[in-house]
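Report on the structure
One-letter residues, chain by chain:
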Amino acid sequence: MKYLTEYRDPVLAAQYLDEIKKTVTRPWTIMEVCGGQTHSLVKYGLLQMLPKEITMVHGPGCPVCVTPTHLIDRAVFLAKQSNIIMCSFGDMLRVPGSEKSLLQAKAEGADVRILYSPLEAVNLAQQNPDKEVVFFAVGFETTAPANALSVIQAHQLGLKNYSIIASHVLVPPAMEALLSDPETVVQAFLAAGHVCTIMGNSEYYPIVEKYKVPIVVTGFEPIDLLHGILMVVRQLEKGEYKMENQYARVVRERGNLSAQEAIKEIFEISNRMWRGMDIIPHSGLEVKEKYAAFDATQKFNVPLKETKENESCIAGAIMKGLRKPLDCINFGTACKPSHPLGAPMVSSEGSCATYYHFYSALNEVEKVEV
Ligand code: SF4
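Described in the following lines is the structure provided in the data block. Bear in mind that the values here come from a model prediction, so they are computed numbers and not experimental data.

Calculation notes
- Residues numbered from 1 in each chain as written.
- Predicted model: local features only at pLDDT ≥ 70, side-chain atom pairs only at ≥ 80, totals over all residues.
- Heavy atoms only, no water.
- 1 Å grid on protein atoms, 1.4 Å probe; cavity = no way out; pocket = protein on both sides within 12 Å on 5 of 7 lines; lining within 4 Å.
- Points joined across faces, edges and corners; volume = space filled by probe spheres on them.
- Nonpolar A, V, L, I, M, F, W, Y, C, P; charged D, E, K, R; others polar.
- Helix = DSSP H or I, 4+ residues; strand = E, 2+ residues; numbered from the N terminus.
- Contact = heavy atoms within 4.5 Å.
- Near = heavy atom within 4 Å.
- Buried < 20%, exposed > 50% of the residue type's maximum accessible area, 1.4 Å probe, protein only.
- Salt bridge = Lys/Arg side-chain N within 4 Å of Asp/Glu carboxyl O.
- Axes fitted to C-alpha atoms, helices over the stretch in contact; angles between N-to-C directions.
- Parallel < 35°, antiparallel > 145°, perpendicular 65-115°, else oblique.
- Core = buried A, V, L, I, M, F, W, Y, C linked by side-chain atoms within 4.5 Å.
- Pairing = 2+ DSSP bridges.

Under the criterion given, the structure shown has three cavities of 30 Å³ or more. The calculated volume of the largest cavity comes to roughly 90 Å³. If you go around the largest cavity, the residues you meet are C313, I314, A315, I318, C328, N330, F331, C335, G342, P344, M345 and C352. Looking at side-chain class alone, the lining of the largest cavity contains 10 nonpolar, two polar and no charged residues. Around the second largest cavity, the lining is made up of 13 residues, and of these G59, C62, E349, G350 and S351 lie nearest the centre.

Put into structure tokens, the structure is as follows:
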């Protein structure tokens, strides 16, 4: 199968692992930014195959994990209004807010629906003119174009009953925030290939220069990841810092210009609260004033209230690379996918859920009593 089996080839994987082992001479800490990459690293047992000098830490690249509590609370509040149909991707329904999740609101009678595309929500608005349809639009640069297109389409159709809760975050400012943190342990990044498919590589060059840190844009299959790690380790060992593109079969230098245009039409950059990571400057996308009629937070009068985080959840430290899921005292006991205490235990891209599902594949070194 073109572009799949060849990227899971065990012989090639062994060659890359051998090359990494020959290249590495000192300890290095590398962060894979994307939760999809974490998923592959754990699922395919790559963490346990890497030489002990290499520590992979897991970044904030799970959109569900970083969605701030106050937006979940807003979504729950709106979902409970009798004339509103609240829609989102499946994982968002299970993330705990201050008091409850959207799934709990649904169990209590709210009209909450799982959709696979925001364009389905636009269709739903057309089919239900007597209802307000709200799409909880979460994600990184990858989902922002489709969510922007849903607003463009609703605008073109003249719909007055469609709006979104925009919860978009941007990867490069988060990487800068991590590198600016005096506590950081990150010495190099594997950057998320699908984000660069949309945005291109240009945003990474200034980060490489400013922080003197290697960044390799990497795909999601085992060979992609091992190749990306090898490229990073070669730079680290030589004392170099460059932006390199391992995922050239997909990522182009300037990205997808049409998708970027859609984002620019609907959204503007803003400071943004990341769950577990505080406010990161210029790291979010808000709906522009011109399209305020499609911004659920402006359209509806949602009372702002104080949000509560679960203080025993160490998700923030995990997403900064300072801790790992198995360091959490709640892992696998008080916190499981069936009753998550924190967002990283919810989504398939959340590092805690990934460790939970593939726990048996982890290195003995990574294991603790659970
Ligand atoms: S195991 Fe649960 S409580 Fe612990 S960090 Fe992960 S999500 Fe939070």
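Structurally, N147 can be placed in helix α8 (residues 144-157). Residues within four places of N147 in sequence aside, it is in contact with P118, F135, A137, V138 and H168.

It is worth spelling out the site of the ligand at this point. The environment of the ligand is made up of 13 residues, and the closest members are C313, I314, C328, C335 and C352. Classifying every residue of the shell around the ligand gives 11 nonpolar, two polar and no charged.

This part covers the environment of N201. Note that N201 resides in the loop between α10 (193-199) and α11 (204-211). N201 gets classed as buried once you look at its relative accessible area, which sits at 1%. Not counting residues up to four positions away in its chain, the partners in contact with N201 are C196, V217, M243, N245, V251, R252 and E253.

Turning our attention to the pattern of salt bridges. Scanning the entire structure with this criterion turns up 16 salt bridges. Between E237 and R26 there is a salt bridge whose closest N-O contact spans 3.5 Å. Here the residue E237 occupies a position in helix α12 (residues 222-238), and R26 occupies one in the loop between α1 (10-23) and β1 (28-34), the gap between them amounting to 211 residues. A salt bridge links K299 to E132; its shortest N-O distance comes to 2.7 Å. One end of the pair, K299, is in helix α14 (residues 296-299); the other, E132, is in strand β5 (residues 132-139), and 167 residues separate them in sequence. On the basis of relative accessible area, K299 is assigned to the partly exposed category, the value being 28%. When salt bridges with common partners are traced through the structure, they connect E240, K242 and E244 into a single cluster.

You will see that K212, though not glycine, has its phi angle at about 55 degrees, which is positive. Mapping K212 onto the fold places it in the loop between α11 and β8 (215-218).

What follows concerns the packing of helix α9 (residues 171-180) against α11. The geometry of α9 relative to α11 is characterised by a closest axis approach of 10 Å and an angle of 10 degrees between their N-to-C directions. As far as their axial angle goes, α11 and α9 are roughly parallel. Counted together, V171, P172, M175, E176, L179 and S180 of α9 and Y204, I207, K210 and Y211 of α11 form the full contact between these two elements. Looking at the contact of α9 with α11 residue by residue, the classes come out as seven nonpolar, one polar and two charged.

This part covers the environment of T142. Residue position: T142 is located in the loop between β5 and α8. Expressed as a C-alpha distance, the spacing of T142 and T197, which sit 55 residues apart in the sequence, is 8.1 Å. Contacts of T142, omitting those with residues within four sequence positions, involve H194, V195 and I198.

Moving on, we come to the nonpolar core. Membership of the largest hydrophobic core comes to 60 residues, with the highest contact counts inside it found for M86, L102, F136, I165, F189, Y204 and I215. The element best represented in this core is helix α5 (residues 69-79), accounting for six residues. Not counting residues within four places of it along the chain, the set of residues in contact with I215 comprises M175, F189, A191, Y204, I207, V208, K242, M243 and E244. Of all hydrophobic cores here, the second largest spans 38 residues; its members include I20, V233, L236 and M345.

Right, let's talk about the sheet that holds strand β2 (residues 54-61) for a bit. The five strands are arranged β2-β1-β7-β8-β9 in an open sheet whose pairing can be described as parallel. Two strands in the sheet have a free side with no partner beyond their single neighbour: β2 and β9 (243-245). The average angle at which neighbouring strand axes cross in this sheet is 25 degrees, direction not considered. Inspection of the sheet shows β1 paired to β2 by six bridges, in the parallel sense. Residue pairing for β2: T29 is matched across the bridge by T55.

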